[in-house]
Amino acid sequence: MKAHKISDRIYALHADVKTEDLFEGIWPIPDGVSLNSYLVRGDKIALIDLVRDWGGAPAALEAGLAEAGIALADVDYLVLNHLEPDHTGWLADFRRRNPRVRILATAKGVELVKNFYKVAEGIEAVKTGDSLDLGAGLVLSFIEAPNVHWPETMVTFEPASGTLFSCDAFGSFGMLGDRVFDDEFGPMEHRRFEAESLRYYTNIIASFGAFVKRAIDKIAELDVRVVAPSHGIVWRKDPMAIIDRYRKYASYLEGGREKEVCVIWGSMYGNTEKGLEAAIRGLEDEGVPFTMHRVPNEDVSYILADAYKSEGILVAMPTYEYKMFPPMAYVLDLMDRKHVWGRQALRIGSWGWIGGARKEYEEAIAPLKWQSVESVEWAGAADEATLAHLRERGAELARRVKAAS
Ligand code: FEO
């Protein structure tokens with residue numbers, strides 16, 4: 001893999017991972033993911049963030065270093081902004097190849113290095129305000145950024161080039177290929193990465209939105225000219241584009257969400273589906289756009305992305321054995337874990353020989369603090385009066401979405 005020059009002495013290195021594996025063992029990555037590392041060449045040599053032994057990533061990293069004329073054994077410092085194993089899984093092997101390397105992480109990061117890799121020597125803790133002078137005019141400054149993504153996380157800033165090494169913050173799913181910089185991708189590619197950054201944010205970071213806001217406020221004090229995350233595009237032409245995008249995502253926690261509805265539905269024999277068609281006509285009557293996701297056919301990873309940005313949620317599911325349609329229970333559980341809170345919501349669905357979904361649904365959404373339009377349930381197939389009622393409830397949801405602040 002190529003070494004891409006950010007400045008005379010700073011290089012972006014990355015490994016594209018194309019795999020059937022799920023990211024974090026949960027999230028599909030059909031377009032793969034990049035694991036980015038950065039080489040900073042002062043009189044001393046620092047490598048910022050590592051890779052895991054996944055899809056040939058260590059060989060790609062080593063090849064990138066070699067292209068910049070650096071061998072693993074030449075690296076003096078390894079800066080670990082974040083200890084999740086996608087960025088550190090190769091640490092033990094790396095250290096075997098370079099036993100003299102000094103590892104820098106936050107105090108909590110040092111503990112995680114011990115826990116994950118049983119490494120206690122050659123490692124030191126850094127905190128906000130600490131810096132590392134590499135010589136040749138290059139200084140790395142460390143800024144703790146807890147919970148973006150784990151509690152031990154920090155970001156690293158190099159002021160001469162204005163490069164912010166932000167690790168998970170400002171990242172996305174998706175492979176990069178042989179380009180890494182924002183100005184090297186066309187509008188269609190940016191659209192793809194934008195969708196993948198939202199999906200990445202909602203799947204990986206969303207539980208920590210309040211911390212993302214705090215981290216963005218902290219870095220606002222810096223003269224950031226390049227955003228260099230550990231997944232996805234390196235932003236040198238318009239670094240504020242990705243910072244503002246993340247600020248918007250974080251703000252969705254409090255409101256200002258898109259005036260649209262995320263429809264999540266499942267149907268056993270078409271009766272709930274037919275009722276849903278009527279409710280959707282109600283959304284259309286009010287001119288509110290919507291996205292549609294069928295469960296379990298679609299992965300929840302994509303549902304979360306649309307639900308997170310949408311002010312409205314329409315849940316359509318039948319009763320299944322006295323309770324909710326089982327895949328919807330999983331979706332609603334993740335809505336809470338990923339803080340899809342405070343939405344305008346409507347739930348509809350058919351039941352066959354007995355109801356029951358309503359009770360379990362209401363228990364499931366209680367912690368989400370959704371503002372609910374009254375549910376509509378019906379036995380078997382919806383009659384004309386029920387279909388009209390569903391259409392009106394859909395329209396009511398749409399009006400609430402339009403009125404929300
Ligand atoms: Fe890319 Fe939280 O690790």
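Structure: above.
Every chain is numbered on its own, with residues counted from 1 as its sequence reads. Reporting in this predicted model follows two pLDDT cut-offs: at least 70 for local features of residues, and 80 or more for side-chain atom pairs to be given and counted; totals over whole chains, interfaces and linings ignore these cut-offs and use all residues. Hydrogen atoms and water are omitted, and side-chain values are computed over all heavy atoms in the structure.

(A) Just the overall build of the chain, in detail. Within the chain, the regular secondary structure consists of 12 helices and 20 strands. Each principal axis of the C-alpha distribution contributes one length, and for the chain these read about 80 × 35 × 35 Å. Burial statistics for the chain: of 405 residues in total, 56% are counted as buried. Here, two residues are considered to be in contact whenever any of their heavy atoms come within 4.5 Å of each other. A separation of at least 24 residues holds for 73% of the contacts in the chain among residues at least 6 apart in sequence. The chain carries 48 positive and 61 negative side-chain charges, and their two centres are separated by 2 Å. What counts as a helix is a DSSP run of H or I of at least four residues, what counts as a strand is a run of E of at least two, and both are numbered from the N terminus. The rule is simple: take the accessible area with a 1.4 Å probe, protein chains only, and divide by the maximum for that residue type; under 20% is buried, over 50% is exposed, in between is partly exposed. Neither His nor the chain ends is counted toward charge; the positive residues are Lys and Arg and the negative residues Asp and Glu. To locate a charge, take atom NZ for lysine, CZ for arginine, CG for aspartate or CD for glutamate.

(B) A look at the environment of D130. Along the chain, the position of D130 falls in the loop between β7 (123-125) and β8 (131-135). Linking D130 and R52, residues 78 residues apart in sequence, is a C-alpha distance of 27 Å. Beyond its immediate sequence surroundings of up to four residues, D130 is in contact with A125, L140, S141 and F142.

(C) Structural context of a nonpolar patch on the surface. Taken together, the side chains of M268, Y269 and Y320 define a hydrophobic patch exposed on the protein surface, amounting to about 360 Å² of accessible area. With respect to the helices and strands, Y269 occurs in the loop between β13 (258-265) and α8 (271-285). What makes Y269 exposed here is its relative accessible area of 73%. Without a salt bridge and with relative accessible area above 30%, a residue can belong to a patch; like charges are then joined within 9 Å and nonpolar side chains (Val, Leu, Ile, Met, Phe, Trp, Tyr) within 5 Å. The Shrake-Rupley method, run with a 1.4 Å probe sphere, supplies the accessible areas, and residue values consider only the shown protein chains as cover. The working definition used for a salt bridge is a side-chain nitrogen of Lys or Arg within 4 Å of a carboxyl oxygen of Asp or Glu.

(D) How the structure looks around the packing of helix α5 (residues 187-205) against helix α7 (residues 239-251). Contact geometry of α5 with α7 gives a least axis separation of 11 Å together with a crossing angle of 45°. With respect to each other, α5 and α7 are oriented oblique. The interaxial crossing formed by α5 with α7 has right-handed handedness. Here F193, E194, S197, L198, Y200 and Y201 of α5 lie close against α7, whose contacting residues are R245, Y246, Y249 and A250. By the convention adopted, Pro, Cys, Tyr, Trp, Phe, Met, Ile, Leu, Val and Ala count as nonpolar, Lys, Arg, Asp and Glu as charged, and the other residues, Gly among them, as polar. A class-by-class count of the residues in the contact of α5 with α7 yields 7 nonpolar, 1 polar and 2 charged. Axis definition: a line fitted to C-alpha atoms, over the contacting stretch in the case of helices. Angles run 0 to 180 degrees between N-to-C directions. Here is the rule for angles: anything less than 35 degrees is roughly parallel, anything more than 145 is roughly antiparallel, 65 through 115 is roughly perpendicular, and the remaining ranges are oblique. Crossing handedness: left-handed means the near helix sits turned counterclockwise from the far one by under a right angle, and right-handed means the same turn made clockwise.

(E) Inspection of the pairing of strand β14 (residues 290-294) at higher detail. The alternating pattern of β14 places T291 and H293 on a buried face, while none of F290, M292 and R294, on the opposite face, is buried. Each pair of strands is called paired provided DSSP finds at least two bridges between the two strands. Relative to β14, β13 runs parallel, the two being bridged by 5 bridges. Across the sheet, W265 pairs through a bridge with R294, a residue of β14. With the strands aimed away from the viewer, a crossover counts as right-handed if its path from the first strand over the helix to the second runs clockwise. One crossover worth recording links β13 to the parallel β14 by way of α8, and it is right-handed.

(F) Structural context of the environment of L132. Tracing the chain through its elements places L132 in strand β8. On the accessibility criterion, L132 (10% relative accessible area) is buried. A C-alpha to C-alpha distance of 15 Å links L132 and Y38, two positions 94 residues apart in sequence. In contact with L132, other than residues within four places in its own chain, are Y77, L104, L138, V139, L140 and F142.

(G) The arrangement of the packing of helix α9 (residues 300-309) against helix α10 (residues 326-337) in detail. The geometry of α9 relative to α10 is characterised by a closest axis approach of 11 Å and an angle of 50° between their N-to-C directions. When the interaxial angle is binned, α9 and α10 end up oblique. Taken as a pair, α9 and α10 cross one another with a handedness that is right-handed. Between α9 and α10, the contacting residues are V300, I303, L304 and A307 on the first element and Y330, V331, L334 and M335 on the second. Class assignment of the residues belonging to the contact of α9 with α10 gives a composition of 8 nonpolar, no polar and no charged.

(H) Main features of the sheet that holds strand β5 (residues 77-79). The strand order across the open sheet built from 7 strands is β1-β2-β3-β4-β5-β6-β7, with neighbouring strands paired in mixed fashion. Looking at strand neighbours, the two that pair on one side only are β1 (3-7) and β7, the edges of this open sheet. Across the sheet, the mean angle from the axis of one strand to that of its neighbour is 25°, orientation sign disregarded. This element, helix α4 (residues 107-117), spans β6 (102-105) and β7 of the sheet and lies at about 150° to β7.

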